[in-house]
Number of protein chains: 2
Amino acid sequence: MEELTGNVLVAQSGGPTAVINASLAGVITEALNHDCIEEIYGGLNGIEGILNEQLIDLAEESQQTVRGLRYTPSSALGTCRFKLAKESDYARILEVFKAHNIRFFFYIGGNDSQDTAAKIAKYAADHGYEMRAIGVPKTIDNDLPMTDHCPGYGSVVKYLCATIRELALDHEAMGNHDLVSIVEVMGRNAGWIAAGTAIAKRRNQLEDAPHIILLPEVAFNAEYFLSQVQECLKKNKYCLVVASEGLADANGNYVAAADATDSFGHSQLGGVGDFLQNLVSKNLPGVKARSCKPGHAQRAAAHCSSLTDSNEAFLCGQAAVKAAIEGHSGKMVALVRGDTDKYTCETTLVDINDVANGVKHFPENWIGEDKISITYQFNKYILPLLQGEVQVPYENGMPAYVRLSQVKVAPQLDPYRAS
Amino acid sequence: MEELTGNVLVAQSGGPTAVINASLAGVITEALNHDCIEEIYGGLNGIEGILNEQLIDLAEESQQTVRGLRYTPSSALGTCRFKLAKESDYARILEVFKAHNIRFFFYIGGNDSQDTAAKIAKYAADHGYEMRAIGVPKTIDNDLPMTDHCPGYGSVVKYLCATIRELALDHEAMGNHDLVSIVEVMGRNAGWIAAGTAIAKRRNQLEDAPHIILLPEVAFNAEYFLSQVQECLKKNKYCLVVASEGLADANGNYVAAADATDSFGHSQLGGVGDFLQNLVSKNLPGVKARSCKPGHAQRAAAHCSSLTDSNEAFLCGQAAVKAAIEGHSGKMVALVRGDTDKYTCETTLVDINDVANGVKHFPENWIGEDKISITYQFNKYILPLLQGEVQVPYENGMPAYVRLSQVKVAPQLDPYRAS
């Protein structure tokens, strides 16, 4: 294969995670190893910033900053939830790529972002511009098809498990009250995050928190839920419930839907914890109900993130660069688990079109017969993803995260006016 | 002074914290050093368990468990919010003390608990039973009078500051939206916790989160709040608001009061985040509002707790034992800050009656002129309390907290029937 020479552009998209910057660090670190790569640019605010030619020179960042990306949460390049829709948008992207000799494009993101990367690659090919686009997976939701798991998932589960273990100790200490404690967790369409917290049980027994797990994959039935809460309170003095924000009834309606939708048409959720708290308070006299909602903090909680997750995120960034240099395009890096008892994980490449806009639901055979528990078989899947602790340096008693210095690349084009 | 010989009883009360078990470890460790102490008993579930003669033998716990208490959150002995009211309750407590030769009583807790300890000491003295009671301070609220600060406070602030720094990175990354992000924190009557998060600002500047801090000490005015949010959104793309659960209007009414009250008659709070989120959504078109609520997780977050706080909590437990052996009673251990530039902290003894049922509000001169910021002078107070990180061991990717084996002490009395 003829060697392609030119510049790298890397960008981040969708909701931030604790380890999406580790993938960015992987891209930068690997790109520096290859002579065919001249400049390493970052696009600010995902595809939206690239349309506006907002590029920065990542080679100008200090080594210390690049190392710091491995423990710094959120998207250091900024992110967006913008969807390319118009032909003129694609034309503009190609113009920007040409103006800066971008030959290698890496887009770190979830379903929608993989779709965007695939379309850009196709548009460039259709217009005779040689370039390679590789998607780097990222989502706390763990719902991308074609990959064993997604960078970002292990860390959010690790943080929530620590939180649930701590809440359990708190509730155990409070004597003589029937308490229902609800933890609302993220997960719009897939229950991976809520299900993941099952591993916080110290033994796989009924008396350990979390006692009830409510997934979007299981239609919510208020009567059944209340009966299970009462059942639990017969055996324990408290009942800890983990509920996905995307909890829906048998008709598919979110139990706590708000009016607003985001720019992809997804309903903006929240309030499942409040909903369940009220449900319990109104229907179970004498039972105290409490809820907590880590909210956006759960996806950014690098102070309690998984080293395995962070290392795999870095590996995905590296693998993307290697793949592009080898000549691949229109692919996403995916994680493949080894089939030995000892956990191993490697990367592979999958077709972006097989990933884009698909949703990998939590498997039915891992949902317990009672529909509120997770089967033992899931433990083997989730446990390796939580192993190891990312060491975050502290300064003045607080995590010392890094920020990019963001040295701008001079624009070559006129400002973009979307037609 | 004649040496008093007998057994120790230690108990915990009120809401758990990340470091209340460190104080328990301090009591146990110090008690082992003194020949005048024969047995070290723990009372389960605070004074409520003592009434029921639920005692355990703490000398039976392994050294590893006692060491583990220094990083294990919540109240390992269990806790209660029970208030001794009737003469017969005091008589029963004295009976239990006599039956088990309890001569040294240590009660680790907040305002209400200090009051209880003082009353028990007085009742015993009035009835000619020689014993010594020393209170050990504990409260995340930091609102006990007579002490520079309270064990538990530094850790909750450290955890919330890490969370706010992470949320800030998350929000910074999201492009082009006006976002109001509300973090509801604990603090019923005093704003110490909310105010403490001001130190999360990276520089003492307007553009750093948290942008707006709402204290119970400042009457909430919706119009003013909304104008300050708008002001902030002119300069920043997001506005992070930290709000005390005890936020109240000019008439002293909680802005988000629920119906329930606890057994001390305190209103049970919650929902300030939701309240503010709705206020913003309804009144500022085009602005997105989000809230998160760490809830009970914040007071149990030992995985991100302050080593200074944990060490001081341990020290308070030790000091209580030393004081009792020296002959003191009816006192509480308090923390005194040295007046040098380099932070030092020692213990002293204060009269429990000066502490009980008092509330130390956040000082007015540390509240900014705009009523939504904290002055620079507060930094010097709070910063030392967050220093150092408690190292929690992890097992299977999750914090490995300890539990007491709880070897029961055989009851000597008939079961208690409250008259």
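Just so you know, these numbers come straight off a predicted model, no measurement behind them. (Residues numbered from 1 in each chain as written. Chains lettered and ligands numbered in written order. Predicted model: local features only at pLDDT ≥ 70, side-chain atom pairs only at ≥ 80, totals over all residues.)

**Description of the overall build of chain A**
Within chain A, the secondary structure is distributed over 12 helices and 13 strands. By the compact-globule yardstick of 22 Å for 419 residues, chain A fits well, its C-alpha radius of gyration being 23 Å. Considering only C-alpha atoms, chain A reaches an extent of 70 × 45 × 40 Å along its principal axes. Split into buried and exposed, the 419 residues of chain A put 60% on the buried side. (Helix = DSSP H or I, 4+ residues; strand = E, 2+ residues; numbered from the N terminus. Rg over C-alpha atoms; globule rule 2.2 N^0.38 Å. Buried ≥ 20, exposed ≤ 12 C-beta atoms within 10 Å, placed from the backbone.)

**A word on the sheet that holds strand β5 (residues 132–137) of chain B**
Residues and elements named next belong to chain B. Ordered in space as β3-β2-β1-β4-β5-β10-β11, the 7 strands form an open sheet in which the pairing is mixed. Lying at the two open borders of the sheet, with one neighbouring strand each, are β3 (55–57) and β11 (345–351). Strand-to-strand twist in this sheet, taken as the mean axis angle between neighbours without regard to direction, amounts to 30°. Relative to β3, strand β2 (residues 37–43) is paired through 3 bridges, and the arrangement is antiparallel. (Pairing = 2+ DSSP bridges. Axes fitted to C-alpha atoms, helices over the stretch in contact; angles between N-to-C directions.)

**As for the interface of chain A and chain B**
Facing 49 residues of chain A, the contacting portion of chain B comprises 49 residues. Breaking the side of chain A that touches chain B down by element, the ones donating at least two residues are α6 (153–173), β9 (288–292) and β13 (398–399) of chain A. Class assignment of the residues belonging to the side of chain A that touches chain B gives a composition of 23 nonpolar, 15 polar and 11 charged. (Contact = placed C-beta atoms within 7 Å. Nonpolar A, V, L, I, M, F, W, Y, C, P; charged D, E, K, R; others polar.)

**Topic: the relation of the copies chain A and chain B**
The operation relating chain A to chain B is a screw motion whose rotation component is 180°, with 0.0 Å of axial translation and a residual RMSD of 0.0 Å. Here the symmetry operator amounts to a two-fold rotation axis. Most of the interface of chain A is mirrored in chain B, where 100% of its interface residues are also at the interface. (Least-squares fit on C-alpha atoms with pLDDT ≥ 70 in both.)

**What to know about unusual backbone geometry**
Negative phi values dominate among residues other than glycine, just as trans dominates among peptide bonds. Looking along the chain, the bond that leaves A209 of chain A and enters P210 of chain A is cis, with omega of -5°. Position of P210 of chain A among the secondary structure elements: in the loop between α7 (192–196) and β7 (212–214). Despite not being glycine, E53 of chain B has its phi angle at roughly 60°, a positive value. Tracing the sequence through the fold places E53 of chain B in the loop between α2 (46–51) and β3.

**Side note on the sheet that holds β9 of chain A**
All names here are of chain A. Taken together, 4 strands build an open sheet; the order of strands is β7-β8-β6-β9 and the sheet is parallel. The open sheet is flanked by β7 and β9, the only strands paired with a single partner. Averaged over all pairs of adjacent strands, the angle between their axes in this sheet comes to 20°, without regard to strand direction. The pairing of β7 with strand β8 (residues 238–244) spans 3 bridges and is classified as parallel. From the neighbouring strand, I212 faces β8, where its bridge partner is V241. This element, helix α9 (residues 272–283), spans β6 (179–185), β8 and β9 of the sheet and lies at about 180° to β9.

**Digging into the packing of helix α1 (residues 20–31) of chain A against helix α10 (residues 307–325) of chain A**
All names here are of chain A. Where α1 contacts α10, the axes come no closer than 7 Å and their chain directions differ by 40°. When the axis of α1 is compared with that of α10, the two are oblique. Seen from above, α1 lies across α10 with right-handed handedness. Touching I20, A22, S23, L24, A25, G26, V27, T29, E30 and A31 of α1 are S310, A313, F314, L315, C316, G317, Q318, A320, V321 and K322, all from α10. (Parallel < 35°, antiparallel > 145°, perpendicular 65-115°, else oblique. Left-handed = near helix turned anticlockwise from the far one by under 90°.)

**Comments concerning the confidence of the model for chain A**
Residues of chain A with pLDDT of at least 70 account for 95%, and the chain-wide mean is 93. Both scores are given for the predicted complex: the pTM is 0.96, the ipTM 0.95. (pLDDT = per-residue confidence, 0-100.)

**Some details on the pairing of β5 of chain B**
Residue and element names in this part refer to chain B. Of all 6 residues in β5, 6 are buried; the element is thus mostly enclosed. In terms of strand pairing, strand β4 (residues 102–109) meets β5 through 6 bridges, oriented parallel. The partner of F104 across the bridge, within β5, is R132. Pairing geometry for β5 and strand β10 (residues 331–337), over 2 bridges, is parallel. The residue of β10 that forms the bridge with G135 is M332.

**Comments concerning the packing of helix α4 (residues 87–99) of chain B against helix α5 (residues 111–126) of chain B**
Residue and element names in this part refer to chain B. Packing of α4 against α5 brings their axes to within 10 Å, and their N-to-C directions diverge by 75°. Comparing the axis directions of α4 and α5 gives the class roughly perpendicular. Counted together, Y90, I93, L94 and F97 of α4 and I120, Y123 and A124 of α5 form the full contact between these two elements. Along the lines of polarity and charge, the residues of the contact of α4 with α5 split into 7 nonpolar, no polar and no charged.

**Describing α1 of chain A**
Residues and elements named next belong to chain A. Taking 1.5 Å of rise per residue, the 12 residues of α1 would be expected to cover 16 Å, and the 17 Å separating its terminal C-alpha atoms lies within 8% of that figure. Taken across its 12 residues, α1 has 11 buried, putting it largely inside the fold. Looking only at α1, the buried set comprises I20, N21, A22, S23, L24, A25, G26, V27, I28, E30 and A31. (Expected span 1.5 Å × (residues − 1).)

**Thoughts on the environment of D274 of chain B**
Of note, D274 of chain B is situated in helix α9 (residues 272–283). Residues D274 of chain B and S291 of chain B lie 17 residues apart in sequence; the distance between their C-alpha atoms is 6.7 Å. Ignoring sequence-local partners within four residues, the contact set of D274 of chain B consists of D274 of chain A together with S291 of chain B.

**Notes on the environment of K408 of chain B**
Residues and elements named next belong to chain B. For K408, the position within the fold is in the segment after β13 (398–399). On the basis of neighbour counts, which here come to 12 C-beta atoms within 10 Å, the residue K408 falls in the exposed class. Along the backbone, K408 and Y41 are 367 residues apart, and their C-alpha atoms lie at a distance of 9.3 Å.

**A few points about the pairing of strand β5 (residues 132–137) of chain A**
Residue alternation in β5 of chain A divides its side chains into two sets, R132, I134 and V136 of chain A and A133, G135 and P137 of chain A, and both sets are buried. Following the backbone out of strand β4 (residues 102–109) of chain A, through helix α5 (residues 111–126) of chain A and into the adjacent parallel β5 of chain A, one traces a crossover that is right-handed. (Right-handed = clockwise from strand over helix to strand, strands pointing away.)

**Here we look at α4 of chain B**
Residues and elements named next belong to chain B. The first and last C-alpha atoms of α4 sit 18 Å apart over 13 residues, in line with the 18 Å expected at 1.5 Å per residue. Packed against the buried residues of α4 are α2, β4 and α5. Just downstream of α4 lies N101, where phi reads positive at about 50°.

**Description of the environment of G110 of chain B**
All names here are of chain B. Checked against the element boundaries, G110 lands in the loop between β4 and α5. Accessibility expressed as a C-beta count within 10 Å gives 24 for G110, which makes it buried. A C-alpha to C-alpha distance of 6.5 Å links G110 and G14, two positions 96 residues apart in sequence. Ignoring anything within four residues of it in the chain, the contact list for G110 reads G14, K138, T139 and L144.

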